[in-house]
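An overview of the molecular structure
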Amino acid sequence: MPASDTEPGPGDGAAPPPALDYPTERTCPFSPPPAFARLREQPGLPAVEALEGGRPWLVTRYADARAVLGSPAFSARFDTPGFPLMSPSDVQQRDDRTESLIRTDDPEHLRQRRRLTRDFTVKRIAALRPEIQGVVDGALDELLAHDGSADLIATVALPIPSRVICLLLGVPYADHGFFQRAAARALAGDSSPDEVRTALGELGDYLAALVREKVRDPQDDILSRLATAYLVPGEIDEREMVTIAMTLLVAGFETTGNMIGLGTALFLTHPEQRALFTAGDEQLQRNAVEELLRYLSIAHHPRQFAATEDVTVGGHTVRAGEGVLISLPAVNRDADAFDDPDTFDITRPAQQHLAFSYGTHQCLGQALARMELLLYFRTLFARVPSLRLLDAPEDFDLKQRSRAHGFRSLSVAWQEDAR
């Protein structure tokens, strides 16, 4: 994408536009802040205030997002000049020189990703369907053991993905309370850099001890395989191994857990869509998962990049050394990409959504997330057809300023003769 010769940038002596605060205020629990819709209608790219790293440009349109995510001219590394830091977690990782999978560029990113690809292929996840179904069944057994009502987040939404990722990685599920609390502190938008550092340090110490155990006594799990194949021969060190383990563990339960909670509430407030889902075949139900991912797009924290050369995005010149932010919830509500995008419709073709990002940094665990969501909703509505919300939407207990949008709790009820 060559740089434009028609539009002046900040380096051309033009007065910079006023910077906006990154939109956070939601008027609907299932939708991104309405400010994004207004920004999509404006030409060019707006500038946004960053915690550190200048005034990055904000992308809210689908085509612009794909252009940035598919271009090698944008770097995901913290040490790239102009890289925008948007949260205390960003500051902590930058200062600690944490080079996780999502903070590397090709060819290093591809090298790291290839170590993990075999464990998350569509074929591999399909083979795990019986085990995942067993986890879902067990969680719903625990839900129905309550006296007609329960907190869906504590009993189902977090336990299902936590048990699955623990099973795959070889992390003891008995420790889920510790690592869920540590992850919540690290991901909270209002945590200080010191609080984030402490939380990640505790989680890192825990995983380092677990990795050493895998070296001594490898089992049939992902961490044992990585330790045996890469750590023991010296291809990676313990610090890198722990970073991989932490990335997989936290990503494995936090995002899917939020999708389960929000998706359940969304279906229960759209009974006609729930009826279509329960009456449909698996093909329709798989498409419904794609629509849930598009419509909810829980990644509240923007994708962050810095340009390494002059690039044109949406008719706007982004200069080398300038930051770019992408709001995935905003681009998935772009009417130029999806008809009537603010309507939840499980029959729409939604497969081209960007909820899992796009390009080289597309989510590694997307096949796993899709399978968990498919089996959960199929089983939930078959076993608990009388499920209903006890909380009104205006009273939902939503996470505030978290990197991933979701519920802290969600009260549901059902007829006690449910099986």
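Only a predicted model underlies this, so the values are computations on that prediction, with no experimental measurement involved. (Residues numbered from 1 in each chain as written. Predicted model: local features only at pLDDT ≥ 70, side-chain atom pairs only at ≥ 80, totals over all residues. Heavy atoms only, no water.)

**Quick notes on the overall build of the protein chain**
In terms of helices and strands, the protein chain carries 16 helices and eleven strands. A globule of 419 residues ought to have a C-alpha radius of gyration of about 22 Å, and the protein chain, at 22 Å, matches this closely. Counting only C-alpha atoms, the protein chain reaches 70 × 55 × 40 Å along its principal axes. Across the 419 residues in the protein chain, those meeting the buried criterion constitute 55%. Taking the intrachain contacts of the protein chain between residues at least 6 apart in sequence as the baseline, contacts between residues at least 24 apart amount to 74%. About 17,900 Å² of surface is accessible on the protein chain, with carbon and sulfur atoms providing 51% of the total. Taking the average location of the 43 positive side-chain charges in the protein chain and that of its 60 negative ones, the two points are 3 Å from each other. (Helix = DSSP H or I, 4+ residues; strand = E, 2+ residues; numbered from the N terminus. Rg over C-alpha atoms; globule rule 2.2 N^0.38 Å. Buried < 20%, exposed > 50% of the residue type's maximum accessible area, 1.4 Å probe, protein only. Contact = heavy atoms within 4.5 Å. Areas by Shrake-Rupley, 256 points an atom, 1.4 Å probe, with all protein chains shown as cover. Lys, Arg positive; Asp, Glu negative; His and termini not counted. Charge placed at Lys NZ, Arg CZ, Asp CG, Glu CD.)

**Section: the packing of aromatic side chains**
By the definition in use, this model includes 16 aromatic pairs. Look at F30 and F396: their rings are 6.2 Å apart centre to centre, the planes differ by 65°, and that puts the pair in the edge-to-face class. Pair noted here: F30 is in the segment before α1 (35-40) and F396 is in the loop between β8 (388-389) and β9 (397-398), with a separation of 366 residues, a long-range link. Both residues of the pair, F30 and F396, count as buried. Arranged with centres 6.1 Å apart and planes meeting at 80°, the rings of F277 and F381 form a pair that is edge-to-face. Residue F277 is found in helix α13 (residues 271-279), and its partner F381 is found in helix α16 (residues 366-383); the two are separated by 104 residues along the sequence. Of the two residues, F277 and F381, both sit in the buried class. Ring pairs connect the aromatic residues F267, F277, Y295, F344, Y376, F377 and F381, which therefore count as one cluster. (Phe/Tyr/Trp six-rings, centres within 6.5 Å; stacked < 30°, edge-to-face > 60°.)

**Let's talk about the sheet that holds strand β4 (residues 303-307)**
Judged by pairing direction, the sheet is mixed, and its four strands sit side by side in the order β1-β7-β4-β2 without closing on themselves. The outermost strands of the open sheet, each flanked by one partner alone, are β1 (57-59) and β2 (74-75). Bridge analysis of β2 against β4 gives two bridges, and the strand direction is antiparallel. Bridged to S75 within β4 is A306. The strands that helix α2 (residues 62-69) touches are β1, β2, β4 and β7 (323-326); relative to β7, the one it contacts most, it runs at about 125°. (Pairing = 2+ DSSP bridges. Axes fitted to C-alpha atoms, helices over the stretch in contact; angles between N-to-C directions.)

**Notes on helix α9 (residues 176-187)**
Look at α9: 16 Å from first C-alpha to last across twelve residues, which is about the 16 Å you get at 1.5 Å a residue. Residues of α9 that are buried include every one of F179, Q180, A182, A183, A186 and L187, and no others. Relative to the axis of α9, the buried residues are bounded by an arc of 165° and lie together on one face. At its buried positions, α9 is contacted by α3 (88-95), α8 (159-169), α10 (193-216) and α12 (238-268). (Expected span 1.5 Å × (residues − 1). Arc of directions from axis to C-beta.)

**Details of the layout of surface pockets**
In this structure, the second largest pocket occupies an estimated 400 Å³ of space. Lining the second largest pocket we find 19 residues, and of these A184, E254, K399, F407 and R408 sit closest to its centre. Broken down by secondary-structure element, the contributors of at least two residues to the lining of the second largest pocket are α9, α12 and β10 (407-409). Taken together, the residues that form the lining of the second largest pocket break down as seven nonpolar, six polar and six charged. (1 Å grid on protein atoms, 1.4 Å probe; cavity = no way out; pocket = protein on both sides within 12 Å on 5 of 7 lines; lining within 4 Å. Points joined across faces, edges and corners; volume = space filled by probe spheres on them. Nonpolar A, V, L, I, M, F, W, Y, C, P; charged D, E, K, R; others polar.)

**Quick notes on empty space enclosed by the protein**
Counted by the stated rule, this structure contains two cavities of 30 Å³ or more. Of the pockets and cavities examined, the second largest cavity occupies roughly 30 Å³. Secondary structure elements with two or more residues in the lining of the second largest cavity: α6 (129-144) and α8. Taken together, the residues that form the lining of the second largest cavity break down as six nonpolar, no polar and one charged.

**With respect to the pairing of β4**
Of all five residues in β4, five are buried; the element is thus mostly enclosed. Note: β4 against β7, four bridges, orientation antiparallel. Counted as the bridge partner of R303 is I326 from β7.

**With respect to the sheet that holds β8**
Taken in spatial order, the three strands of this open sheet run β3-β11-β8, and their pairing is antiparallel. For this open sheet the edge positions go to β3 (149-151) and β8, each flanked by a neighbour on one side alone. As paired elements, β8 and strand β11 (residues 411-413) share two bridges and run antiparallel to each other. Following the sheet pairing, L389 is matched in β11 by V412.

**Points about the packing of α9 against α10**
The interhelical angle for the contact between α9 and α10, taken along N-to-C directions, is 150°, at an axis separation of 8 Å. As judged from the angle between their axes, α9 and α10 are roughly antiparallel. Relative to α10, the crossing made by α9 is left-handed. Within the contact between the two elements, α9 uses F178, F179, A182, R185 and A186 and α10 uses V196, A199, L200, E202, L203 and Y206. (Parallel < 35°, antiparallel > 145°, perpendicular 65-115°, else oblique. Left-handed = near helix turned anticlockwise from the far one by under 90°.)

**Overview of the confidence of the model for the protein chain**
Residues at a pLDDT of 70 or more form 94% of the protein chain, whose mean pLDDT is 90. Segment residues 1-13: pLDDT under 50, and 23 contacts once partners within four positions in sequence are set aside and those in other chains are kept. (pLDDT = per-residue confidence, 0-100.)

**Regarding the nonpolar core**
Grouped together as the largest cluster of nonpolar side chains are 95 residues, with contacts concentrated most on V171, L203, L207, L249, L296, Y376 and L410. Of the residues forming this core, the biggest block, 16 residues, is contributed by α12. Core analysis: the second largest hydrophobic core is formed by 22 residues, Y62, A73, V313 and V324 among them. (Core = buried A, V, L, I, M, F, W, Y, C linked by side-chain atoms within 4.5 Å.)

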